[in-house]
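What follows is each chain in one-letter form.
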Amino acid sequence: MHITSILTSVALLLALPTKTAVSFSPGVANRAIHILEEASSQNIPVDAALRRYAKYQERSYVKSEEYKSISDILRNISISQYRIDWQLREAGVECSPENRVAFLKKGDPLECRGMDLQTTLECPDWAWTGLKEAFPDEEDLSKELRALMQPAPLDLRVNTLKCEERIDALREIINAGYDATSTPWSPIGIRLEERTALGRIPGLLDGIVEPQDEGSQLVASLLEAQPGETVADYCAGSGGKTLQIAASMKNKGRLYSMDVSEDRLERGKPRCKKAGVSNVQRQVVQEDMTRKDKWLKRRKGTFDRVLVDAPCSGVGSWRRKPDARRTWATFDDGFDGGIDRLANLLPLQQQILQRASRLVKVGGRLVYVTCSLLPQENEKQIIQFLESDVGAEWKVESPPSDFAIPFEVVDGQFLRLTPAQHNTDGFFAAVLTKHG
Ligand SMILES: *[C@@H]1O[C@H](CO)[C@@H](O)[C@H](O)[C@H]1NC(C)=O
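Residues numbered from 1 in each chain as written. Predicted model: local features only at pLDDT ≥ 70, side-chain atom pairs only at ≥ 80, totals over all residues.

## Here we look at the overall build of the protein chain
Point 1. When you go through the protein chain residue by residue, the secondary structure sums to 18 helices and 12 strands.
Point 2. In terms of C-alpha radius of gyration, the protein chain reaches 23 Å, essentially the compact-globule figure of 22 Å for 436 residues.
Point 3. Dimensions along the principal axes, computed over C-alpha positions, put the protein chain at roughly 70 × 50 × 40 Å.
Point 4. When burial is assessed residue by residue, the protein chain has 41% of its 436 residues classed as buried.
Point 5. The long-range fraction of contacts in the protein chain, counting pairs at least 24 apart against all pairs at least 6 apart in sequence, stands at 73%. (Helix = DSSP H or I, 4+ residues; strand = E, 2+ residues; numbered from the N terminus. Rg over C-alpha atoms; globule rule 2.2 N^0.38 Å. Buried ≥ 20, exposed ≤ 12 C-beta atoms within 10 Å, placed from the backbone. Contact = placed C-beta atoms within 7 Å.)

Set out below in structure tokens:
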């Protein structure tokens, strides 16, 4: 039987409500299918496969209507693949890119009677237990997972090194015709509701504003780095939070941007230059935890503040990377699935936390951050840390007095930002002080 007729009969069988067929040409559909197949055979995220595809087209391709339609289809599939596959399986049809695109094109409702909650909420196995624990109330759980299925707004951080008043940057952006507002919680954030071509936003090319989710701004602000201090951004990556910390230090003092990857750190260089940041030093950290890192050893107990933005499952970023639900589980060779990868990650997070904590001087502060919502990566890591030998010198700190959002996790000790409650990506943060 042809796929379309099978699906029609399924739809009839389940007496589904409304249906909105989506129009796109067979050519567009075929290209979308091709990209989905590439992503799956090469085990890369769908958006990476799309970028790769676009690279082989003309320069202007990414501005074309076709590109927009394809990227729309791909996003919609990524955000509904568990539900589509569930329906395809019910219909006895293979869960292939071709059948998924055909399903989307027909515009049948994604949810239907008999579908289990986990599928309805587009949650992979490896995150389901943890998320249920994080949100024991089913209604909260549903709200959060549904919010993670929505596209994220585009948030910008105002670079206070170049523009002291947010309102000035905001006014420029509004005057250029954008629908922009101040972010509700972060005092240095601007929100654009419509995703637009980044390059045209006033101030972006001059480093006056920088794309950064409001949640990310908020957790980095918990460090409260001051001018003249010695500070480390311990898992800096390409350095989005480093830029924010440098600005809060007014370029004065020493800021170490640290990572196990020299490549990632290198990528931070031009960003610092554009942002007018001049107090950053880059330091590669020894990745193999069984080996001594002399640099770290020499600097034990010398830092005023350390931010540990730990490598994590990225559950909190699903709005931006919808198919990370699937790719995170299978991304690295040697992992059988997300649960295994998570099991591998947890001890690493603890080691990173312990190692980074040794850098901090007595009276100094450590902020532990993840973009995850899973308790194993978050509050449980901190509790385990506090119970360890190293952690015995540490205590949990309350939030800064002017911090806009209450700490609610584990009797108000830790911060959790969620897409449904705060309209940010999902984040966790703990603020710790070393008492010696
Ligand atoms: C993708 O989803 C959006 C929002 O639900 C919808 O408006 C749009 O028509 C969909 N596009 C495609 C190609 O499925």
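## Observations regarding the domain arrangement of the protein chain
Point 1. For the protein chain, the assigned domains read domain 1 (3-115), domain 2 (154-211) and domain 3 (215-434).
Point 2. A C-alpha centroid distance of 36 Å is found between domain 1 and domain 3.
Point 3. Every contact between the two is made by 6 residues of domain 1 and, on the other side, 6 residues of domain 3.
Point 4. At 3 residues, the largest contribution of residues to the side of domain 1 that touches domain 3 is made by helix 4 (residues 65-90). (Domains from an automatic or database assignment.)

## A closer look at the site of the ligand
Point 1. Every residue lining the ligand is accounted for by Val 22, Phe 24, Asp 72, Ile 73, Asn 76 and Leu 104.
Point 2. It is helix 4 that provides the largest number of residues to the shell around the ligand, a total of 3 residues.
Point 3. For the shell around the ligand, the residue count by class is 4 nonpolar, 1 polar and 1 charged. (Near = placed C-beta within 6 Å. Nonpolar A, V, L, I, M, F, W, Y, C, P; charged D, E, K, R; others polar.)

## Section: the UniProt feature "binding site: S-adenosyl-L-methionine" (unreviewed entry) in the protein chain
Point 1. The positions that UniProt labels "binding site: S-adenosyl-L-methionine" (unreviewed entry) are, in the present scheme, Asp 259, Asp 288 and Asp 309.
Point 2. Positionally, Asp 259 belongs in strand 6 (residues 254-259).
Point 3. As for its position among the elements, Asp 288 is in the loop between strand 7 (280-284) and helix 13 (294-298). (UniProt positions renumbered as here; feature names shortened; annotations may be inferred.)

## Some details on the sheet that holds strand 2 (residues 180-182)
Point 1. Across the sheet, which stays open at both edges, the 4 strands sit in the order 2-3-1-4 with antiparallel pairing between neighbours. The sheet terminates laterally at strand 2 and strand 4 (209-211), the two strands that pair on one side only. Neighbour-to-neighbour, the strand axes of this sheet turn through a mean angle of 30°, independent of strand direction.
Point 2. Pairing of strand 2 with strand 3 (residues 189-192) involves 3 bridges; the strand directions are antiparallel. Its bridge partner lying in strand 3, Ala 180 is registered against Leu 192.
Point 3. Where helix 9 (residues 166-175) meets the sheet, it contacts strand 1 (154-158), strand 2, strand 3 and strand 4, and its direction lies at approximately 165° from that of strand 2. (Pairing = 2+ DSSP bridges. Axes fitted to C-alpha atoms, helices over the stretch in contact; angles between N-to-C directions.)

## Describing helix 10 (residues 214-221)
Point 1. Of all 8 residues in helix 10, 8 are buried, a share of seventy percent or more.
Point 2. Of all the positions in helix 10, only Glu 214, Gly 215, Ser 216, Gln 217, Leu 218, Val 219, Ala 220 and Ser 221 are classed as buried.

## Here we look at the nonpolar core
Point 1. Counting 54 residues, the largest nonpolar core has Val 306, Val 308, Val 367, Tyr 368, Val 369 and Ala 429 as its most contacted members.
Point 2. Ranked by residues supplied to this core, first place goes to strand 12 (residues 427-434) with 6 residues. (Core = buried A, V, L, I, M, F, W, Y, C linked by C-beta atoms within 7 Å.)

## A closer look at the packing of helix 4 against helix 5 (residues 97-106)
Point 1. The N-to-C vectors of helix 4 and helix 5 enclose an angle of 100°; their axes lie 9 Å apart at closest approach. Between helix 4 and helix 5, the crossing angle belongs to the class labelled roughly perpendicular. Taken together, the residues of helix 5 that come into contact with helix 4 (itself represented by Ile 73, Asn 76, Ile 77, Gln 81, Ile 84, Gln 87 and Leu 88) are Asn 99, Arg 100, Val 101, Phe 103 and Leu 104. (Parallel < 35°, antiparallel > 145°, perpendicular 65-115°, else oblique.)

## Re the pairing of strand 6
Point 1. Among the 6 residues in strand 6, 5 count as buried, and that is most of the element.
Point 2. The pairing of strand 5 (residues 230-233) with strand 6 spans 4 bridges and is parallel. Its bridge partner lying in strand 6, Ala 232 is registered against Tyr 256.
Point 3. As a crossover connection, the stretch from strand 5 through helix 11 (residues 240-248) into strand 6 is right-handed. (Right-handed = clockwise from strand over helix to strand, strands pointing away.)

## What to know about the pairing of strand 9 (residues 360-370)
Point 1. Here strand 9 lies mainly inside the structure; 8 of its 11 residues are buried.
Point 2. Strand direction decides the pairing type here: strand 9 and strand 12, joined by 6 bridges, are antiparallel. Opposite Arg 365, over in strand 12, you have Thr 433 as the bridge partner.

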